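Each chain, written out:
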Amino acid sequence: MAKTLACVVSAVLGFSAIGYGAGSQTEKIPNAQAQATVQFWLEQQMRKSARHMTDNFLGNGAVLASPSKADPDYYYHWTRDAALTMATVARLYETETDHTERNRLGEFMRNYAVFVRGINDRPTASGPVDAYYTNIGEPKYYVDGSPYDRPWGRPQTDGPALGALTLLNFLSIAAADGQSTFVDQGEVRVIKEALTQYLDYTAHHWQTPTFDLWEEVKGRHFYNVLAQRRALLRGAQWMQKNGDKARASHYSAQARLLTAVAESYWDDKRGYIVATHDRSGGIDYKNSNLDVAVILAVLHTDDQGEFFAPTDDRVLLTAYRISQSFKQLFPINQRNVDGDGLALAPGIGRYPEDRYDGVTNSQGHGWFIATAALAELHYRAALGFAKAGRVEINAQNRAFFASLPGSLVATLTGGQERFTKDVVVKSSQDSFRAVINALLESGDQYVARIRHHANLVGELDEQFDRNTGFMRGARHLTWSYASLLSASDHRRQLLEWLKDL
Ligand code: NOJ
Ligand code: NOJ
């Protein structure tokens, strides 16, 4: 491994550095070796990520977006970041075998739920505490739980839906655990109350124009629609089981409306799912409407492949377009093999026109959460196809499949030019395993990209510079860690499944 002294020194000092594979371009190493290298790195990095992530949890349950207090000041509890991070914590809790560590994770979950229940009762700049909790549209809070009160992009309607999904996970974990779980009776009641607030907010406010998850564009967003729909569907099931028929039927009816709305974001002419409809405020230069938020929407709401799943042709094509776009846009992406011989997928940013540089507006850069999202999408698509026992390569998705590593897909489809009819590959065929492996390999190339820009102490900030590759933006971004942990968890599930294939 070629690591320069400067790299090692700066990593030890905690500077952002290109920690791995920073040496000169080498030949690509064989696949099996690449897979083992990624695996080894992930094992180390997951421990570091989990530690860095939980370092950002405060004793009162607040989840810091980042410990950074200036340039940028991210020393707040954001509803969205906290919900997504705690969904990952719940996942870690479920798979943790060490008793002490499990208890520690359980305590974070409990603290978070109690904190949320507390802040949900406060009037905010987004609105009063009324029958439908208009106040809850507030996107961020000071760490003592008081709502942020200065100008901001508000409301943001995705957070409550994401919070509801996370709390629903908590409740099903607690139920499965039985007696010895992370919450007592009283705390379960607190979770149920917070859940009901989040769901009532969502059921009554999903039509409200909202700032998007990047806090920049006011309008109606695919990300919010998918999150709201899933929260209301799962919420309706939960209410039904718990005897609240009125809420169950109201939530279901809203979810049905959201299903139809979600479908309208597929843009046949552009050939991808667009991020926003009906822009009514905020920035006005997002001309492509191509945004990794669409991929995040899928990852944060997929449930058994039911709707806009990772295997959906429209989703795969959107992922392909995003990847192509950043491949051309960022100078760092001209390099596609690192110093260790690992193939690198393109580093991905939020959207091509992005100008936010982590502190102010100039030029956008690569984001760890965006790059981890592409990795996770590939793992989950592979898992989805593996479970279905069938992959279909057709006119709509073939650009995506043709872009996967290896020439297998070109062989299957008889080359792009001559592609005339759909190709169905079933699990009984040898080529099935090859397609799944190509998806795994592609996911690993995104992880290799993250490894390339992370430093040796395992720090992940918000962004990596499009020109130099060095990390930038908020230090130790909580969501960066959570997103890599989540991608890694899905990779593990995929490998487990492949053992029996
Ligand atoms: C801060 C927001 O959190 C970020 O997403 C946005 O891009 C910038 N403000 C825009 O200035
Ligand atoms: C800016 C991101 O755009 C937004 O999604 C996030 O909630 C905040 N930073 C805090 O991490």
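Residues numbered from 1 in each chain as written. Chains lettered and ligands numbered in written order. Predicted model: local features only at pLDDT ≥ 70, side-chain atom pairs only at ≥ 80, totals over all residues. Heavy atoms only, no water.

Undergrad: For the site of ligand 2, give the residues involved together with the corresponding values.
TA: Close to ligand 2 lie 13 residues; Tyr74, Arg80, Asp81, Leu213 and Arg350 are nearest. The side chain of arginine 350 places a nitrogen or oxygen atom 2.8 Å from an oxygen atom of ligand 2. Coverage of ligand 2 by the protein amounts to 98% of the 290 Å² it exposes when considered alone. Per-class residue counts for the shell around ligand 2 are 8 nonpolar, no polar and 5 charged. (Near = heavy atom within 4 Å. Polar contact = N/O pair within 3.5 Å; in protein donor to acceptor, adjacent residues only side chain to side chain. Areas by Shrake-Rupley, 256 points an atom, 1.4 Å probe, with all protein chains shown as cover. Nonpolar A, V, L, I, M, F, W, Y, C, P; charged D, E, K, R; others polar.)

Undergrad: An account of the site of ligand 1 is needed here, citing residue identities and associated values.
TA: Neighbouring ligand 1 are Trp214, Glu215, Glu216, Arg350, Tyr356 and Asn361. Between glutamate 215 and ligand 1, the recorded distance is 2.5 Å, taken from a side-chain N or O atom to an oxygen atom. Contacts to ligand 1 include glutamate 216, whose side-chain N or O atom sits 2.5 Å from an oxygen atom. Against a free-state accessible area of 300 Å², the protein chains account for coverage of 76% of ligand 1. Grouping the constituent residues of the shell around ligand 1 by class yields 2 nonpolar, 1 polar and 3 charged.

Undergrad: Any chance you could break down the packing of aromatic side chains for me, citing the residues and the numbers?
TA: In total, this model carries 22 aromatic pairs according to the counting rule given. Ring geometry for phenylalanine 57 and phenylalanine 108: centres 5.0 Å apart, planes at 75°, overall edge-to-face. Here phenylalanine 57 is found in the loop between helix 2 (31-55) and strand 1 (77-78), whereas its partner phenylalanine 108 is found in helix 4 (residues 99-119), with 51 residues between them in sequence. Given a relative accessible area of 9%, phenylalanine 57 falls into the buried group. Under the relative-accessibility criterion, phenylalanine 108 is labelled buried at 15%. Where tyrosine 93 meets phenylalanine 182, the ring centres are 5.4 Å apart and the plane angle is 65°; that geometry is what we call edge-to-face. Residue tyrosine 93 is located in helix 3 (residues 79-95), and its partner phenylalanine 182 is located in the loop between helix 5 (158-177) and helix 6 (185-205); the two are separated by 89 residues in the primary sequence. (Phe/Tyr/Trp six-rings, centres within 6.5 Å; stacked < 30°, edge-to-face > 60°. Helix = DSSP H or I, 4+ residues; strand = E, 2+ residues; numbered from the N terminus. Buried < 20%, exposed > 50% of the residue type's maximum accessible area, 1.4 Å probe, protein only.)

Undergrad: Tell me about the pairing of strand 4 (residues 217-221), and name the residues and values.
TA: Pairing of strand 3 (residues 210-211) with strand 4, which is carried by 2 bridges, proceeds in the antiparallel orientation. The residue bridging phenylalanine 211 from the neighbouring strand is lysine 218, located in strand 4. In sequence, strand 3 turns back onto strand 4 through a hairpin of 5 residues, with glutamate 215 there showing a positive phi of about 65°. As paired strands, strand 4 and strand 7 (residues 276-282) are joined by 4 bridges and run antiparallel to one another. Bridging across to strand 7, arginine 220 finds its partner in histidine 277. (Pairing = 2+ DSSP bridges.)

Undergrad: Give me the lowdown on the nonpolar core, citing residues and values where you can.
TA: Judged by nonpolar contacts, the single largest core of 148 residues is most densely connected at Tyr112, Leu167, Phe170, Trp214, Ile295, Phe308 and Phe401. With 14 residues, helix 11 (residues 368-388) is the largest single contributor of residues to this core. Setting aside anything within four residues of it in sequence, one finds phenylalanine 308 in contact with Phe222, Leu226, Ala262, Glu263, Ile273, Val298, Arg314 and Val315. (Core = buried A, V, L, I, M, F, W, Y, C linked by side-chain atoms within 4.5 Å. Contact = heavy atoms within 4.5 Å.)

Undergrad: Break down the environment of serine 428 for me, with residues and values.
TA: On the secondary structure map, serine 428 appears in the loop between strand 10 (423-426) and helix 14 (430-453). Measuring from C-alpha to C-alpha, the distance between serine 428 and alanine 65 comes to 46 Å, with 363 residues separating the pair along the chain.

Undergrad: Just give me the short version of helix 15 (residues 478-499), but keep the residues and values in it.
TA: An ideal rise of 1.5 Å per residue puts 32 Å on 22 residues; helix 15 measures up with 32 Å between its terminal C-alpha atoms. With 16 of 22 residues buried, helix 15 lies mostly within the body of the structure. (Expected span 1.5 Å × (residues − 1).)

Undergrad: Requested: an account of the sheet that holds strand 3, with residues and values cited.
TA: Across the sheet, which stays open at both edges, the 3 strands sit in the order 3-4-7 with antiparallel pairing between neighbours. Sheet topology places strand 3 and strand 7 at the edges, where each strand pairs with a single neighbour. Contacting strand 3 and strand 4, helix 7 (residues 222-241) runs over the sheet at an angle of about 45° to strand 4. (Axes fitted to C-alpha atoms, helices over the stretch in contact; angles between N-to-C directions.)

Undergrad: Kindly report on the packing of helix 14 against helix 15, identifying the contributing residues and their values.
TA: Contact geometry of helix 14 with helix 15 gives a least axis separation of 12 Å together with a crossing angle of 155°. In terms of their interaxial angle, helix 14 and helix 15 are classed as roughly antiparallel. Handedness of the helix 14/helix 15 crossing: left-handed. Two secondary-structure elements touch here, helix 14 through Arg433, Ile436, Asn437, Leu440, Asp444 and Ile450 and helix 15 through Leu484, Arg491, Leu494, Leu495 and Leu498. Residue classes in the contact of helix 14 with helix 15 are distributed as 7 nonpolar, 1 polar and 3 charged. (Parallel < 35°, antiparallel > 145°, perpendicular 65-115°, else oblique. Left-handed = near helix turned anticlockwise from the far one by under 90°.)

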